[in-house]
Amino acid sequence: MPPEPRQFDVIVLGAGAAGLICAATAGQRGRSVALLEHNGQPGRKILISGGGRCNFTNLHCAPENFISENRHFAKSALALYEPRHFIELVERYGIAWHEKTLGQLFCDRSARAILDMLLAECERGGVEVVLNARAIQVEAASGQFRVRSSAGELRAGALVVATGGLSIPKLGASELAYELARQFGLRVVEPRPALVPLLLGGDEAGWTDLAGVAADVVISAGGVRFREKMLVTHRGVSGPAVLQASSYWRAGDELLLDLAPGLPGAAGLLEPLMRTGARRDLGALKQALRQVLPHRLAGFLAEAAAPGGWSNAALEACERRLHGWKLHPVARRASKRPR
Ligand SMILES: Cc1cc2nc3c(=O)[nH]c(=O)nc-3n(C[C@H](O)[C@H](O)[C@H](O)COP(=O)(O)OP(=O)(O)OC[C@H]3O[C@@H](n4cnc5c(N)ncnc54)[C@H](O)[C@@H]3O)c2cc1C
């Protein structure tokens, strides 16, 4: 005889960041909670987040920063739980943190501290964490969810699906959430990779010769602008500016780059070449660009944007190009989807 199904108020699927805090909160509100995870350990993505230091919140986190078909969702969620609430939690656990840049908060030491904190919060809420719960199947009947898995059958009146996105299957990503949405007749917005590098090809493949070069840029994609670092890679462009823009970029769109964002205006950067008697040639152009750009990038751009003539009008046009450089990515670098 199989063991009797166990009854809970809430079953949470997926012990990642979202599932852990959800289970802890429900438990601390007096609900009996089971948290099911198919990996042998919880929160594996937390451990690699933020380069191992977990970028656990952002001081300037606001509803406008979220991409959603329902813009009001982020408003109500953030009205109930603000970055300061998470910071208070982190401080209660004595986890040392620092602001890296643009309001991004990271642990001083290890992301492990954030995972341990969330697990301790689950323990405080009496959450039963069930690891190695494989082959999860869900049925709904008589106001109850029945969840069957290799860890047995559990039942609850409420089911939370927090099995995360599709990136990095080797850490546990699966399509379970999408399958359950289909099973229960919920509309699914076509998923697409976000926060990913963009690949360059064709006439722009030459950029990859600059692999390793980083520059502060203003980048625009899909009508949204970001000012951060762009990194050239062996296959295209990456770095915080590009990762942000990738969420708004659509195949066929161009990226608009201001490569010298500190110097707005028609002739700020190339002003030295426009002075009476100044040298006006490729060497002088490279020299001017090197004042604000990494040497290799300055050389590359000077070659690519050198004006046909060296008149003031041609130099102004060259300057405008540097403030509005167009790149045409051929694709996103997508992470592997689970099979
Ligand atoms: C390299 C990298 C660095 C990142 N750095 C940061 C950062 O610093 N800060 C930040 O906020 N975000 C960061 N992210 C994004 C981060 O992944 C998410 O913010 C966070 O992991 C989302 O949490 P989640 O709980 O929704 O999903 P996940 O963390 O993916 O958790 C989902 C859980 O569900 C489990 N699961 C999946 N399928 C099943 C199934 N069929 N049965 C049972 N369990 C299942 C998974 O094993 C996993 O434990 C980073 C992402 C990557 C890839």
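Scroll up a little and you will see the structure.
Residues numbered from 1 in each chain as written. Predicted model: local features only at pLDDT ≥ 70, side-chain atom pairs only at ≥ 80, totals over all residues. Heavy atoms only, no water.

Student: How should I be thinking about the pairing of strand 7 (residues 137-141) in this particular structure?
Tutor: Working note: regular strand, side chains alternate between the two faces of the sheet. Two elements, strand 7 and strand 8 (residues 144-149), share five bridges in a ladder whose sense is antiparallel. Its bridge partner being in strand 8, V138 is matched across the sheet by V147. The antiparallel hairpin formed by strand 7 and strand 8 contains two residues in its connecting segment, where S142 sits at a positive phi of about 50°. (Pairing = 2+ DSSP bridges. Helix = DSSP H or I, 4+ residues; strand = E, 2+ residues; numbered from the N terminus.)

Student: What am I meant to see in helix 9 (residues 282-290) here?
Tutor: Given 3.6 residues to a turn, an α-helix orients residues that are three or four positions apart in the same direction. Taken together, the buried positions of helix 9 are A284, L285, K286, A288 and L289. Elements that come into contact with the buried residues of helix 9 comprise helix 8 (271-274), helix 10 (295-305) and helix 11 (312-323). (Buried < 20%, exposed > 50% of the residue type's maximum accessible area, 1.4 Å probe, protein only. Contact = heavy atoms within 4.5 Å.)

Student: Even after reading the chapter, I still don't get the side chain of K286, so can you show me in this structure?
Tutor: Examined against the element boundaries, K286 turns out to sit in helix 9. Polar side-chain contacts of K286 include one of 2.9 Å to the side chain of E303. Setting aside residues no more than four positions away along its own chain, K286 makes contact with A298, G299, A302 and E303. (Polar contact = N/O pair within 3.5 Å; in protein donor to acceptor, adjacent residues only side chain to side chain.)

Student: In this structure, what is going on with unusual backbone geometry? I would like to understand it.
Tutor: A negative phi holds for most residues other than glycine; trans holds for most peptide bonds. One non-glycine residue, L102, lies in the positive phi region at around 50°. Among the secondary structure elements, L102 is positioned in the loop between strand 4 (97-99) and strand 5 (104-107). One non-glycine residue, A135, lies in positive phi territory at about 50°. Inspection of the secondary structure assignment puts A135 in the loop between strand 6 (128-130) and strand 7. Take A135: its relative accessible area is 67%, and that puts it in the exposed class.

Student: Mind showing me how you'd approach the sheet that holds strand 3 (residues 55-58) here?
Tutor: Hydrogen bonds between backbone atoms are what pair the strands of a sheet, whose relative direction is either parallel or antiparallel. Ordered by their spatial adjacency, three strands build an open sheet running 3-5-4, and the pairing between neighbours is antiparallel. Each edge of the open sheet carries a strand with a single partner, namely strand 3 and strand 4. Neighbour-to-neighbour, the strand axes of the sheet open up by a mean angle of 30°, direction not taken into account. Two strands pair when backbone bridges link them, and strand 3 and strand 5 are joined in this way by three bridges, in the antiparallel orientation. (Axes fitted to C-alpha atoms, helices over the stretch in contact; angles between N-to-C directions.)

Student: Would you mind showing me how to read the packing of helix 1 (residues 17-28) against helix 5 (residues 112-124) here?
Tutor: The geometry of a pair of packed helices is captured by two quantities: the angle between their axes and the separation between those axes. One can describe the packing of helix 1 onto helix 5 by two numbers: an axis separation of 7 Å at closest approach and a directional angle of 30°. One element, helix 1, and the other, helix 5, form an angle in the roughly parallel class. Where helix 1 crosses over helix 5, the two elements pack in a sense that is left-handed. Together, A17, L20, I21, A23, A24 and Q28 of helix 1 and L115, L118, L119, E121, C122 and R124 of helix 5 make up the contact between the two elements. When the residues that make up the contact of helix 1 with helix 5 are grouped by side-chain class, the tally is nine nonpolar, one polar and two charged. (Parallel < 35°, antiparallel > 145°, perpendicular 65-115°, else oblique. Left-handed = near helix turned anticlockwise from the far one by under 90°. Nonpolar A, V, L, I, M, F, W, Y, C, P; charged D, E, K, R; others polar.)

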